[in-house]
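A closer look at the structure
Listed below are the residues making up each chain.
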Number of protein chains: 2
Amino acid sequence: MTAQKKKILFVVMDGLGDRGCRELDGLTPLQATPTPNLDWFVANGISGIMDVVAPGVGPGSDTAHLSLLGYDPYEVYTGRGPFEAAGIGLIGKKGDVAFRCNFSTVNEKYEITDRRAGRIKAPETTALVKQLNGIVIDGITILVKEGTEHRAALLLRGSGLDPNVTDADPHDVGPVGISKGRTKKAEFTASVVNKFVRMSYELMKEHPVNVKRRAEGLPEANILLPRGAGSFPDIMKFSEKNNMTGACVAGVGMIKGICGICGLDVIDVPKECTGGLDTDMIKKADTAMNALKKYDFVLMNVKAPDVCGHDSRAKDKCSVVARLDEMAGHLRKKIDDIVIVFTADHCTPVETGDHTGDPVPVAIYSATAAKDERTKFSESGCAGGAVGRIRGKDLLPICMSLANRSEKFGA
Amino acid sequence: MTAQKKKILFVVMDGLGDRGCRELDGLTPLQATPTPNLDWFVANGISGIMDVVAPGVGPGSDTAHLSLLGYDPYEVYTGRGPFEAAGIGLIGKKGDVAFRCNFSTVNEKYEITDRRAGRIKAPETTALVKQLNGIVIDGITILVKEGTEHRAALLLRGSGLDPNVTDADPHDVGPVGISKGRTKKAEFTASVVNKFVRMSYELMKEHPVNVKRRAEGLPEANILLPRGAGSFPDIMKFSEKNNMTGACVAGVGMIKGICGICGLDVIDVPKECTGGLDTDMIKKADTAMNALKKYDFVLMNVKAPDVCGHDSRAKDKCSVVARLDEMAGHLRKKIDDIVIVFTADHCTPVETGDHTGDPVPVAIYSATAAKDERTKFSESGCAGGAVGRIRGKDLLPICMSLANRSEKFGA
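As a starting point, this report considers the structure included with it. (Residues numbered from 1 in each chain as written. Chains lettered and ligands numbered in written order. Predicted model: local features only at pLDDT ≥ 70, side-chain atom pairs only at ≥ 80, totals over all residues. Heavy atoms only, no water.)

Notes on the overall build of chain A
Worth spelling out the cut-off: Helix and strand definitions follow DSSP, with helices as H or I runs of at least four residues and strands as E runs of at least two, each counted in order from the N terminus. In this setup the radius of gyration rests on C-alpha atoms only. A globule is expected at 2.2 Å times the number of residues raised to 0.38. Only heavy atoms enter the contact rule, under which two residues are in contact if any of them lie within 4.5 Å. Accessible areas in this description were obtained via Shrake-Rupley with a 1.4 Å probe; residue shielding takes into account the shown protein chains only. Note on charges: Lys and Arg go in the positive column, Asp and Glu in the negative column, and His and the chain ends are not counted at all. Charge positions are represented by NZ for Lys, CZ for Arg, CG for Asp and CD for Glu.
Looking only at helices and strands, one finds 15 helices and 16 strands in chain A. Computed over C-alpha atoms, the radius of gyration of chain A comes to 23 Å, within 12% of the 22 Å expected from 2.2 N^0.38 for 411 residues, which places it in the range of a compact globule. For chain A, the C-alpha atoms occupy an extent of roughly 70 × 55 × 35 Å along the three principal directions. If you take every contact in chain A between residues at least 6 apart in sequence, the share linking residues at least 24 apart comes to 73%. Carbon and sulfur atoms form 50% of the exposed surface of chain A, whose accessible area is close to 15,800 Å². On chain A, the mean spot of the 53 positive side-chain charges and the mean spot of the 52 negative ones are 3 Å from each other.

The following block contains the structure:
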């Protein structure tokens, strides 16, 4: 007898985990907010807590999502550059070296006066990168793409590259930095970076965009400063690794980029799903449920709780929790015999305003899982359940087993 | 003061873990069946859940038992051939390449017409392998032994062998397969396999056993078809690794073989311990308790729950659980100051009919363990206990510590 394979939905509530807030009488937003629908999934499923990357390690959104997709971030994460690049749609291939960049302003003495070029944004940045994209320096092809606001990504493609170079961005105003190879082998790459920086200045300083900005008294975006070098990782495709098709439903570029690197199809979300506080969570849930008709696995990311954590707004985070619970209620009405997970990619406690390494709650619902006795979806409510304390990278295999999709090891 | 070393008994209830069954109103067989004796061990001991191989990975009986014996199956498991061979008493040594084989039937055109030779069995198979056991092909000694029904195992011994070869068994009727080396280095081994297959035909086709079967209109067992090549692993002996003597009490050949490979003594079980549903569990428990007089560690395997899982019989699994509980009651009366563990090697849910990667319950009793508050032996009952969620390979070290047998690391 072969058991029916089930589909799997991960609902990742970004930065949802928290700590006790003074404003909430020492409770976390999840503890302080009634969540009858999320609680239903806990009561009828199994729950636990999860170290998304490793105990006590505060995950980035990138490393967290790699873990949730079943990868070991310590094996596949090669630095922020490649993932930032992928996040804005610049998905490279093995051997490429990727960087994050800022559009910055330098004066006539070639000194940085504004690291963010007055937070310039598209369509101006789009026009500027056109000058640079596709040029060749010492046999290396340059690929550049604009990101949000003053951000961009840079890919170097060609032979003899090595990511072990220092930043050309000095992370401060003053003289432009010089990239250096940390090893003999990386010196060529550093020289290409330095030539690229100089060339970005030469090609952009008299660009019509900058002529206009100068006339308007705005900081010119007359240089691109790369940082965070990393090799483009050679990640085994999600579908190949897990023998199932996968897609992601997310509003945030970074999450889309990571899912794209892993080979998931990135589903377009309705314009109401903004990735911000004003996002339409119900529409996003519907998009995810629709995607599940076609795909075996869907990861859905809702960014809103993270935003409240970063901005240290406890009450707002409680409101977001209430809206997430409504969304869970909506999903509850729609799902049939699937495996569905409610969890977070990391904690963004209101108290700290940034990601922490505290474990996140996880609730796994599958009609036939051997239920435990936990009843409340929260950091403490899920602790002590049948899932125990797991690592992020083990969540997918655990769900694949419940979905009758795991392969036997041995006989 | 040196603490008294205690003896350790593992009671492995094969395939015991399960999921919610429709037939049992959504409960697992363990949840649905009163188990006062197993519960006593939970209430007076510590409990938890265990990923026998790794989270979400469905273990085979072989990889599971390697883990329970404290080995990392990802390090020592070298494929099914060597473990199947060991399971029927053909325990090889490092460098040997082992295969599983079927006695099959080929016609005068050398095409397979019955992959199982009419499910021939001993003593006919015993007589047939005598022709082949000990022959030498290109300097390689051939060792063959019959297994249950139409099954056999093959060991190649000599220099220049490599297990990286394809099966000669095409897993279907039709032309006999040709084994191929997946690497240059393995081509010699493949050629030996192919010569062995041909020779098995030449030596068996006119064997009196087959002359008689032909006369009776039965499929002849006139060829042996090897598959599942694997190197015989170089496993550190259990006694050497753990500084204690060990034995196994099991009815199933595969389990005996694995324990044998690891260097445990394999204790003969009374004929009433069949490895099937009709097994006499009390007699098996007595055999294990007797073995504990001589050995420091005993692993006892009861196969019955696995059989019910594979056959998808929920009610029968409940009856087996009740009988296992009686056995636990019997053991409770017999044990003195030992460390005793009740657990499973994997889940075989009634719903799926095969091994899954869901965690199994584990209860560890030691008179002096710091008790937790759990009270029921089941998948959910053991979750949240003092053992937490552990890996299979960590169970033995945990028990060795409770038995005052672990060595200090550091000063």
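Describing the sheet that holds strand 2 (residues 46-51) of chain B
All names here are of chain B. The test is simple: Between any two strands, at least two bridges found by DSSP are needed for them to pair. Between N-to-C directions, angles span 0 to 180 degrees; the directions come from axes that are lines fitted to C-alpha atoms, helices contributing only their stretch in contact.
Strand order in the open sheet formed by eight strands is 12-11-13-1-14-15-2-16, with mixed pairing between adjacent strands. On the outer flanks of this sheet lie strand 12 (265-267) and strand 16 (388-391), each paired with one strand and no other. When strand polarity is set aside, the average angle formed by the axes of neighbouring strands in this sheet is 25 degrees. Strand direction decides the pairing type here: strand 2 and strand 16, joined by four bridges, are parallel. Looking at strand 16, one finds that Ile49 is bridged to Arg389. Across the sheet, helix 11 (residues 281-294) lies against strand 1 (8-13), strand 11 (246-249), strand 12 and strand 13 (297-302), angled at about 170 degrees from strand 13, the strand it touches most. Where helix 13 (residues 314-334) meets the sheet, its contacts fall on strand 1, strand 13 and strand 14 (339-343), and the angle it forms with strand 1 comes to roughly 170 degrees.

Here we look at the packing of aromatic side chains
How two aromatic rings sit relative to each other is set out by the distance from centre to centre and by the angle between their planes. Rules: We call Phe, Tyr and Trp rings a pair once their centres come within 6.5 Å, taking the six-membered ring for Trp, and we label the pair stacked below 30 degrees between planes, edge-to-face above 60, and tilted otherwise.
The tally for this structure, following the rule as stated, stands at 18 aromatic pairs over all chains. Aromatic rings pair up to connect Trp40, Phe41, Phe342 and Tyr365 of chain A into one cluster.

Quick word on the relation of the copies chain A and chain B
The test is simple: Least squares is the method used to superpose the copies, on C-alpha atoms of residues holding a pLDDT of at least 70 in both.
For the pair chain A and chain B, the best superposition has an RMSD of 0.4 Å and corresponds to a rotation of 124 degrees with a translation of 0.6 Å parallel to the axis. Taken together, the rotation angle and the small translation identify this as a three-fold axis. Relative to the rotation axis, the C-alpha of Gly384 of chain A is the closest in chain A, positioned 2.5 Å from it. Interface overlap between copies: only 4% of the residues of chain A at the interface are likewise at the interface in chain B, consistent with a contact formed by different surfaces.

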